[in-house]
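Notes for the structure review
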Amino acid sequence: MLIILVLILMIVVVLVGGDRGAMSLIALAGNILCLSLAIWLYAVGAPVFLVTAGAGILISCITLFYQNGTNIKTWSAFLAVAITMCVLFAFIYLVVWKSGAGGLNEIQAAGEDVFYYNMNLDISMPKVATAVIVLSTLGAVIDMALTVTTSVYEVKCHKPDIKMNKLVQSGMKIGKDVIGTTVNTLLFAYLGESLLLFAYLRMQNYSIELLLNSKILFQNCISMIFGAISCTMIMPVSAVLIAKNCELFDWMENSK
């Protein structure tokens with residue numbers, strides 16, 4: 001059934017998207033390959049943060065430059081993603097380390113399947129949890145950055161004489177209109193898959209205090225929360241970068 005659904009997805013994307021749809025499928029395959037390589041490197045003991053940074057850069061390059069071309073819009077989006085994720089990287093690790101969110105949660109640790117696994121893993125669980133959060137939020141961050149840079153670039157094309165501060169304001173306005181739907185998308189993506197878990201917790205009559213302090217709830221919500229934070233942070237960064245790059249491009253053209 002999984003293979004059938006994948007084939008249906010490929011056919012629909014190609015029929016509706018045409019050449020761009022085919023490029024999107026190739027980019028998706030490349031991103032999956034990058035993630036698979038990152039998982040293999042984690043397993044063989046490679047530095048977790050170094051692998052995560054490399055995978056993030058490769059995924060960003062494939063999504064932005066291969067799928068959307070090399071231009072001022074994609075370069076601005078790439079720089080915005082790099083700056084935002086570098087700022088959040090240390091903060092995410094600090095939160096994961098302080099909260100002890102790495103490793104198995106309460107239900108996983110109590111399950112019978114855990115007795116069949118070798119738990120002597122030479123991998124830092126906080127670092128792996130940090131990598132999972134970073135890579136989970138990367139897709140939404142790239143999408144938000146490219147949305148803002150593309151919109152601001154179109155404004156610049158239609159109004160060549162517009163000032164930089166007006167461009168930044170346009171980017172912020174566009175970002176504000178999109179951020180609501182993006183947060184809702186993250187909410188339903190991360191919580192929708194946990195409906196059965198929440199039903200189980202409700203049936204067990206766990207108290208609110210116990211749920212709020214449980215690792216399982218924290219692990220299910222932290223990616224969503226950091227995804228929303230990163231999308232909100234990247235909005236002004238993208239607007240400023242694309243406006244500055246447009247101004248720099250105009251200066252270079254006029255100086256020729």
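What comes next is a walk through the structure. It should be emphasised that the depicted structure is a prediction, and the values quoted were computed from it without experimental measurement.

For the rest of this paragraph, the subject is the packing of helix H3 (residues 72–99) against helix H5 (residues 125–158). Direction vectors running N to C along H3 and H5 enclose 150 degrees, while the axes themselves pass 8 Å from each other. It follows that H3 is roughly antiparallel to H5 by the angle criterion. In the packing of H3 onto H5, the handedness of the crossing is right-handed. The residue inventory of the contact of H3 with H5, partitioned by class, reads 18 nonpolar, six polar and two charged.

Locating threonine 149 in the fold gives a position in helix H5. Excluding residues within four positions of it along the chain, threonine 149 makes contact with Lys73, Ser76, Ala77, Ser238 and Ile242.

The next subject is helix H1 (residues 2–43). In this model, H1 (42 residues) spans only 26 Å end to end at C-alpha, well below the 62 Å of a helix rising 1.5 Å per residue. The principal kink in H1, of about 140 degrees, is found at glycine 18. Among all positions in H1, only Gly21, Leu25, Ala27, Gly30, Asn31, Cys34, Ala38 and Tyr42 are buried. On its buried face, H1 sits against helix H2 (48–68) and H5. The positive-phi residue at the C-terminal boundary of H1 is glycine 45, with phi of around 95 degrees.

Turning to the environment of lysine 73, a few remarks are in order. By the secondary structure assignment, lysine 73 is in helix H3. In sequence terms lysine 73 and threonine 150 are 77 residues apart; their C-alpha atoms lie 5.8 Å from each other. The contact partners of lysine 73, leaving out residues within four places of it in the chain, are Leu146, Thr149, Thr150, Tyr153 and Ile242.

Here the second largest pocket is characterised by a volume of approximately 260 Å³. Elements represented by at least two residues in the lining of the second largest pocket include exactly H2, H3 and H5. Ranked by the residues each element gives to the lining of the second largest pocket, the list is headed by H3, at six residues. Considered class by class, the residues forming the lining of the second largest pocket number 10 nonpolar, three polar and no charged.

A few words now on the packing of aromatic side chains. Each aromatic ring pair is characterised by the separation of its centres together with the angle its planes make. Considering all chains together, one arrives at six aromatic pairs under this definition. When the centroid spacing of 5.3 Å and the interplanar angle of 85 degrees are considered together, the rings of phenylalanine 49 and tyrosine 93 count as edge-to-face. One end of the pair, phenylalanine 49, is in helix H2; the other, tyrosine 93, is in helix H3, with 44 residues separating them in the sequence. Among the residues examined, phenylalanine 49 registers a relative accessible area of 25% and is labelled partly exposed. With a relative accessible area of 27%, tyrosine 93 lands in the partly exposed category. On the basis of an interplanar angle of 85 degrees and a centroid distance of 5.9 Å, the ring pair of tryptophan 75 and phenylalanine 78 is categorised as edge-to-face. You can see tryptophan 75 and its partner phenylalanine 78 sitting in helix H3, three residues apart, about one turn around the helix. A relative accessible area of 43% means that tryptophan 75 is categorised as partly exposed. Phenylalanine 78 gets classed as buried once you look at its relative accessible area, which sits at 16%. Among the aromatic residues, those joined into a cluster by ring pairs are Phe49, Phe89 and Tyr93. Positioned over the ring face of phenylalanine 49 is lysine 127, at 5.6 Å from the centre of the ring.

The next point concerns H5. The terminal C-alpha atoms of H5, which comprises 34 residues, lie 50 Å apart, in line with the 50 Å expected from a rise of 1.5 Å per residue. Most pronounced at leucine 138, the bend in H5 amounts to some 35 degrees.

So, on to a nonpolar patch on the surface. Where nonpolar side chains cluster on the molecular surface, the patch consists of Met1, Ile4, Leu5, Ile8, Ile11, Val12, Leu15 and Val16 and spans about 880 Å² of accessible area. Here isoleucine 8 is to be found in helix H1.

Conventions we followed
Residues numbered from 1 in each chain as written. Predicted model: local features only at pLDDT ≥ 70, side-chain atom pairs only at ≥ 80, totals over all residues. Heavy atoms only, no water. Axes fitted to C-alpha atoms, helices over the stretch in contact; angles between N-to-C directions. Helix = DSSP H or I, 4+ residues; strand = E, 2+ residues; numbered from the N terminus. Parallel < 35°, antiparallel > 145°, perpendicular 65-115°, else oblique. Left-handed = near helix turned anticlockwise from the far one by under 90°. Nonpolar A, V, L, I, M, F, W, Y, C, P; charged D, E, K, R; others polar. Contact = heavy atoms within 4.5 Å. Expected span 1.5 Å × (residues − 1). Bend = angle between axes of the 7 residues up to and from the residue. Buried < 20%, exposed > 50% of the residue type's maximum accessible area, 1.4 Å probe, protein only. 1 Å grid on protein atoms, 1.4 Å probe; cavity = no way out; pocket = protein on both sides within 12 Å on 5 of 7 lines; lining within 4 Å. Points joined across faces, edges and corners; volume = space filled by probe spheres on them. Phe/Tyr/Trp six-rings, centres within 6.5 Å; stacked < 30°, edge-to-face > 60°. Lys NZ or Arg CZ within 6 Å of the ring centre and 35° of its normal. Patch = residues over 30% accessible without salt bridge, like charges linked within 9 Å, V, L, I, M, F, W, Y side chains within 5 Å. Areas by Shrake-Rupley, 256 points an atom, 1.4 Å probe, with all protein chains shown as cover. Salt bridge = Lys/Arg side-chain N within 4 Å of Asp/Glu carboxyl O.

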